Each structure stands twice: as structure tokens, then as C-alpha cells.
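# Coordinate analysis (summary)
Residue strings, one per chain:
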Amino acid sequence: MSLDLETLKKELNPEQYRAVTSIDGAILIIAGAGSGKTRVITFRIAHMLDMGIPQSQILALTFTNKAAKEMEDRVKELTGRKLQNLTVSTFHAFGVRVLRQDIDKLGYRENFSIYDETDRTALIKECGRELQFSPDAMDIYKISQLFSNIKTGRKNWQGENDMYRQLYESYQEGLKLFNAVDFDDLIVLPIKLFREHPEVLARYRERYKYIMVDEFQDTSHQQYELMHLLADQNVAVVGDDDQSIYSWRGADYQNIINFEKDFKVTEIRLEQNYRSTGTILDAANGVISHNTNRKDKKLWSGKGEGKPIEIFMPQNETEEASFIAESIQGIAMEDRRKYDEFGVLIRANTQSRFIEEAFLENNIPYTMSGGTSFFERKEIKDVISYLRVISNHDDDINLLRIINVPRRGIGRAAIQVINDEAENLGSTLWTAIHSLVHAEASPASDVLKEDLETFETLIESQRQKLMSGRGLAKKVREMLEEIDYKSYLVTEYSKSEKAVRFKLKNIELFLEMMERWEIDPDNSNPSLFNYLNRVTLMSRDNGDDENDKGKVNLMTIHASKGLEFPVVFIAGAEEGLIPHQRSVDENGGDVEEERRLFYVAITRAREKLLISSCMKRRKQMSVIECTPSRFLDEIPANLVEYHEPQKELSMEKTHDILANMLKQFKIPDNTDF
DNA sequence: CGTCTCCAGGTTTTT
DNA sequence: CCTGGAGACG
């Protein structure tokens with residue numbers, strides 16, 4: 001398509017047109033939900049290219065791989081160009097790019113490992129053991145969060161935190177020794193690099209003249225800092241403070257205010273919603289208006305009023321699941337909709353289990369994105385760990401993971417020996433193993449020596465193969481055969497043949513994905529190192545694909561941001577789930593972020609929105625009575641069609657809840673059930 | 001010393 | 001369901 005101004009004027013509304021054609025200077029685009037944000041961004045890039053700006057000067061930063069990929073695809077489609085020099089990437093992936101070039105200046109070696117949450121916890125545990133922290137005193141999850149906050153400057157050492165200071169230092173030393181970086185480092189280290197080496201920064205500033213940041217409300221201070229360092233003057237950020245849902249990860253939509261302070265900003269507001277019916281939009285507006293701390297917006301829709309929002313109250317999560325499955329089948333039939341037009345949104349991954357079961361039972365194809373990510377499955381992690389060790393011998397954490405998988409006689413006592421040796425040498429485990437095998441006076445027994453040598457030879461020979469030449473997937477397949485991973489799975493899961501088959505299938509899937517990546521013509525360098533970096537950053541994102549066509553989309557609300565579906569179910573709209581109990585507890589009763597989350601969920605829907613709130617739900621081992629989410633009360637009652645519970649199973653309590661709901665919603669007389 | 005077996009306990013959201 | 005630990009066995 002030619003993108004002369006005439007065409008743009010026709011294709012876009014006046015505000016969108018302004019956003020697309022304002023290329024110079026600092027622009028803040030406040031883009032309400034469904035206001036055509038992605039369209040604006042892609043047109044903007046296409047327009048810049050059309051104006052003769054070289055693609056290499058453009059840097060577009062997003063938060064998820066999905067968003068980055070979508071943006072890139074859409075620009076390519078729109079311009080019909082290959083655009084191999086256009087940089088569209090997540091903040092973290094951009095960090096990797098920077099570090100890949102110059103990490104040696106920070107004292108790391110170039111084949112560094114990136115540690116995901118699993119590796120990170122393993123390392124913290126390891127350090128904790130060395131420092132003799134009692135295991136009970138360690139809430140790993142909390143410590144991990146604390147470390148993240150410390151590293152990104154959100155918290156200082158004070159009060160009771162201080163007891164973990166030594167642990168943190170040991171954690172940091174570990175990372176450095178293993179030549180590994182964690183997710184926070186991917187932002188923090190580039191900043192450090194740019195600060196300490198202005199000549200490196202200058203190179204990037206010279207190259208990227210036009211910067212764009214999507215989902216700006218989700219930037220952390222660090223990410224803002226990184227952007228600020230890079231940005232000269234032409235920087236456009238796009239965001240919506242009402243959709244800020246990552247504050248627990250350091251996102252701070254106050255960055256919008258910082259941005260206005262640090263740059264001479266032109267603000268453009270996109271307030272026309274092209275996505276949802278009037279009913280859905282009014283519901284969303286009704287909910288979000290209860291938040292006090294926000295930029296006031298008036299989103300409006302040109303679409304008709306649409307159908308009312310339906311609220312259901314299943315007895316429990318099993319019934320909720322089958323209700324959702326059956327409704328999807330019903331609506332698909334009645335409205336002639338394909339399965340991929342449905343989105344089922346949940347607050348927590350744990351909710352997925354029952355819904356997945358119901359889908360399986362009813363033969364509904366679905367994809368679940370998020371959850372225990374594919375790449376975090378044990379069998380996949382094992383393969384990746386092998387590759388990591390092969391790529392970076394000093395990666396102790398991954399070495400420990402696979403040194404006895406499949407079992408090769410290197411158990412706890414052997415590892416103790418290796419550990420001691422490493423401590424003596426002040427080295428990594430790999431070096432210690434080498435020393436134990438080859439040193440004259442080795443503290444290792446002959447048997448152990450032999451086992452260790454076999455392991456060392458295995459890794460070395462695989463390294464020879466995998467680090468050069470093509471055919472990565474094929475070589476990995478051969479490696480798995482050599483270690484006979486299949487037999488390992490068979491013995492390990494001897495009780496469940498089904499589990500074995502499932503795991504083998506996952507590995508097969510993994511290898512196929514790897515192969516596809518490898519032969520992708522856009523992929524200029526299919527090396528092992530590049531693959532590993534990519535895979536770690538992808539960890540949560542499913543390998544999306546064409547695979548999802550024709551399937552119901554099941555996902556957390558967080559994962560649904562930026563997406564839309566003709567029909568949306570929100571499951572588990574109960575107090576304690578949304579707003580989540582932990583969020584309420586941790587924020588001293590402040591539920592504004594949870595409300596934004598609910599707002600995001602509602603605004604995913606184009607035409608039809610169904611919400612369910614269970615009467616009871618299993619929680620840990622017991623069944624608890626549930627109260628409908630307070631946010632349901634914030635939806636204007638005239639937009640809602642309320643369905644009574646289908647079966648009268650329980651007693652007074654149910655009636656109380658019902659009576660409450662009746663008061664809120666004034667059931668229309670024609671609710672027949 | 002390594003492996004196997006069995007049981008308990010635990011799940012907010014993600015790059 | 002899946003991990004991690006304790007304890008028995010070879």
C-alpha cells in the first residue's frame with residue numbers, strides 16, 4: 001500500500017493521523033483500550049520508512065515477544081518489505097543484543113548464560129546452603145523478589161532485609177563466576193555499560209535516531225532510564241495508565257509524568273474505541289471510574305449497543321469449567337463462530353486445570369498460553385540445561401541439573417567432592433571436575449574419576465559438534481540418543497506410560513520448533529548461543545504459531561493484554577481471586593491495580609462478554625464459600641443480565657449471597673431458568 | 001554410596 | 001500434579 005498523506009487521512013481518524021505523522025520530537029500517545037494503538041504504531045513506522053528514514057535508525061521496544069513479533073509482522077505486511085535492519089524487540093532482548101556486543105567490558109565472557117526464574121532460585125538455594133541459612137528461614141520466592149528490588153534500586157538494605165545482604169552478595173558472586181546474568185541484569189547491565197563506557201552509548205545514540213516504546217505504562221524505572229539514555233529527541237511512547245498491571249514487577253506508570261518532565265512532550269489522545277460494543281465499553285468505564293489515581297479519559301464507541309453482559313454463578317470450579325465449555329459449543333453453533341474467536345481469561349494459572357479438563361472432555365481444541373511454560377517443563381529444561389553447559393561450561397547451576405541425568409553414578413556425595421574441590425580452587429564445578437579427573441593427587445576415588453571423565457568427554461564431544469556448522473536440531477536429536485534420554489524417562493516415570501509419551505512428544509515438539517527456527521530465512525545466525533538466548537527470553541510465551549488457529553484461547557488476564565476476542569469469558573470473578581487476596585494483603589487494601597486488571601479483561605471483548613463467579617471453590621485441601629468480586633458491583637446494573645445458580649445445592653449462605661446480588665443487579669423479569 | 005519409594009506440601013500476575 | 005525430602009534397600 002502506498003502511504004501518502006491522502007491515504008493516511010482516509011485510513012485514520014484525526015488523532016491517529018496526528019500520531020502517525022508526528023515523527024520529530026517527543027510524543028506521548030495516550031491510547032485507550034481498543035483505540036487502534038497497534039494500527040497507529042505500525043502505520044507510524046511504515047510512514048517513517050516512506051519518508052525515507054533508514055530502517056536501521058528505528059528502534060521499537062515492547063514488553064512481550066508476542067507484541068514484538070506482531071508489530072514486526074504487521075509493518076512488513078503493510079510495507080511489503082523485508083526490513084531486516086529494523087529493530088523491533090522487547091526491552092530484555094534488546095539488552096541481550098547490547099550485552100552480546102560488549103559484555104566483556106563488564107568483566108564477563110561472551111558466551112554468558114541467561115538465568116530464568118528456575119535457575120535463579122536454584123542459585124539462591126545453593127548460596128543459602130553454603131552460608132548455612134536454615135531452609136525454613138528462607139522463603140525463596142520473597143528473597144528472589146527482594147533481590148530483584150535491590151538490584152533495580154527499588155529497595156535498600158535496611159531493617160530485616162539486611163540479614164539477606166550476605167546471601168545477595170554470594171548470589172551476585174555466583175552469577176559472575178558462572179558467567180551468568182539474570183533477567184534484571186539484562187536491563188541493569190546495559191545501563192551500567194552505557195554509563196561506564198560513553199563511547200559504546202554514543203554508538204547506539206548515533207544509530208537509533210527514532211525510538212518508540214509500546215505499553216509505556218509498564219516500563220520500570222530501569223527501562224525508562226535505558227530509554228532515556230538512548231533517546232536523543234525523537235521518541236514516541238504509547239501507553240494507557242488504566243492498563244498498567246505490572247507494578248509488582250517494577251512497572252511504574254508515573255514514568256508518564258517523568259517523561260513529561262524530561263522531554264518537551266506533545267500529547268496525543270486516542271479515545272475512540274473501535275473494538276467493543278457500547279455495552280462492554282460502558283461496563284469497563286463504570287469499573288475503571290472507581291480508580292482515583294488516573295488520567296481522566298472518555299472512551300467512546302461508534303459501534304452499536306450490543307448484547308448485555310451475562311453473569312453466571314456456577315456451584316463450583318468444576319461446574320464453571322463445564323459451563324464454559326458447553327457455552328462455547330453453544331455459541332459457536334448458534335452464532336457460527338470459530339473456536340479461535342473465544343478468549344477465556346483467568347486470574348491465576350491454577351484456574352486453568354479444570355477448564356482444560358472440561359475442554360478435553362468436550363473435544364474443544366484450545367491453547368493455553370502462560371502457565372507452566374513449555375520451556376519450563378522438566379524434560380525441556382533438561383535438554384536446554386545440556387545445551388547451556390555445552391555452550392558455557394562454567395554454568396554451575398545447569399551443570400548440577402544434568403550431571404546425573406540420566407543417572408550416571410554421580411550422586412550427592414560425589415557432588416560434595418566436586419564442590420569441595422571447586423572451593424579449594426576457587427573455581428567453577430567444571431574446572432573442579434577437570435582437575436579431579438586429571439590431577440595427580442586427586443581426592444576422587446577411581447570409580448568417581450571414571451564417571452566424571454565419561455561426563456567430561458561427553459560434554460566436550462558434544463561441544464565440538466554443536467558449536468559449529470549447521471543442523472542444530474539434528475545434532476541435538478543425536479545427542480539425546482547418545483545419552484539415551486528416552487530410557488531415562490521410561491525408568492523415571494515407570495508408573496505412567498502416559499507421562500512418558502507426553503514428555504517424549506514435548507521433546508519432539510521442541511526439536512521441531514528448533515528446526516523451524518533454524519531454517520527460517522530471516523534467521524541470519526542460527527548458532528547455539530543465539531538459540532539459547534532466545535529460548536530463555538521466550539520462556540513464558542508459547543511458541544505461538546499457526547498452531548493456534550481454530551483453537552479457543554485460554555490465558556491469564558495478564559497474558560491477554562493487547563489481544564482481543566469476539567467472545568470473552570472471565571472465569572472466577574470472586575473476591576480473593578480478583579482482587580487477589582495476596583494483592584489486597586500486600587497493598588494494604590489498595591485494589592486499584594486489580595481493578596485495572598479487571599478493566600483489561602473486560603476490554604478484551606468485542607461483542608460478547610460472559611462472567612462467572614463460583615459459589616464455592618476448592619482452595620488447597622478445603623472447599624470455601626465465595627463472594628462475588630466487588631468489581632461486579634461496579635458494572636452499571638442496566639448492562640447486565642444475571643443468571644441464577646442452576647442448581648440449589650446449598651443452604652442459607654447461598655441465599656444470602658443471592659439476595660445481595662439481587663439487590664445489586666435488579667434482575668430483569670424475563671430471566672427464565 | 002547411589003537409587004528407589006513414598007509422602008507431604010504447595011500455586012498471582014512474567015521478562 | 002510435581003517437586004523435594006526422608007528413609008529403606010542393594
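Before reading further, recall that the structure is shown in the block above.
Below is a short write-up of the structure. All values reported here derive from a predicted model rather than from experimental measurement.

Our focus in this paragraph is the side chain of Thr603. Considering the arrangement of structural elements, one finds Thr603 in the loop between helix 27 (592-602) and strand 16 (605-612). By relative accessible area, which is 1% here, Thr603 ends up buried. There is a polar contact of 2.9 Å between the side chain of Thr603 and the backbone oxygen of Tyr599. Ignoring sequence-local partners within four residues, the contact set of Thr603 consists of Ala33, Arg275, Ser276 and Ala284.

All right, on to the sheet that holds strand 7 (residues 235-239) then. Within a beta sheet, neighbouring strands are joined by backbone hydrogen bonds and run either parallel or antiparallel to one another. Ordered by their spatial adjacency, six strands build an open sheet running 3-2-6-7-1-8, and the pairing between neighbours is parallel. Edge strands, defined here as strands with exactly one partner in the open sheet, are strand 3 (87-90) and strand 8 (265-270). Adjacent strand axes in the sheet meet at a mean angle of 15° when their direction is disregarded. In this sheet, strand 6 (residues 210-213) lies alongside strand 2 (residues 58-62) in parallel orientation, the contact comprising four bridges. Paired with Leu61 across the strands is Val213, a residue of strand 6. Its contacts with the sheet put helix 12 (residues 255-262) on strand 1 (26-31), strand 7 and strand 8, and the angle it makes with strand 1 is roughly 155°.

A few words on the sheet that holds strand 11 (residues 309-312). Spatially, the seven strands line up as an open sheet ordered 13-14-12-15-16-11-19, and their pairing is parallel. Every interior strand has two partners, whereas the edge strands, strand 13 (366-369) and strand 19 (640-642), have only one. Averaged over neighbouring strand pairs, the angle between their axes works out to 20° when direction is ignored. Note that strand 12 (residues 342-346) and strand 14 (residues 552-556) share four bridges and pair parallel. Pairing of Leu345 across the sheet is with Met555, part of strand 14. In this fold helix 13 (residues 278-288) packs onto strand 11 and strand 16, with an angle of close to 55° to the strand it touches most, strand 16.

Following the criterion strictly, the structure yields 51 salt bridges and no others. Where Asp240 meets Lys297, a salt bridge forms, and the shortest distance between an N and an O atom there is 3.2 Å. Of this pair, Asp240 sits in the loop between strand 7 and helix 12 while Lys297 sits in the loop between helix 13 and strand 10 (300-301), placing them 57 residues apart in sequence. Judged by its relative accessible area of 2%, Asp240 falls in the buried class. Between Lys297 and Asp242 there is a salt bridge, and its shortest N-O distance comes to 3.0 Å. Residue Lys297 is located in the loop between helix 13 and strand 10, and its partner Asp242 is located in the loop between strand 7 and helix 12; the two are separated by 55 residues in the primary sequence. The class of Asp242 is buried, set by a relative accessible area of 2%. Sharing partners across several salt bridges, the network here consists of Glu117, Arg120, Lys151, Asp182, Asp184 and Asp185.

What counts and how
Residues numbered from 1 in each chain as written. Chains lettered and ligands numbered in written order. Predicted model: local features only at pLDDT ≥ 70, side-chain atom pairs only at ≥ 80, totals over all residues. Heavy atoms only, no water. Helix = DSSP H or I, 4+ residues; strand = E, 2+ residues; numbered from the N terminus. Buried < 20%, exposed > 50% of the residue type's maximum accessible area, 1.4 Å probe, protein only. Polar contact = N/O pair within 3.5 Å; in protein donor to acceptor, adjacent residues only side chain to side chain. Contact = heavy atoms within 4.5 Å. Pairing = 2+ DSSP bridges. Axes fitted to C-alpha atoms, helices over the stretch in contact; angles between N-to-C directions. Salt bridge = Lys/Arg side-chain N within 4 Å of Asp/Glu carboxyl O.

Shape descriptors only; they carry no functional weight alone.
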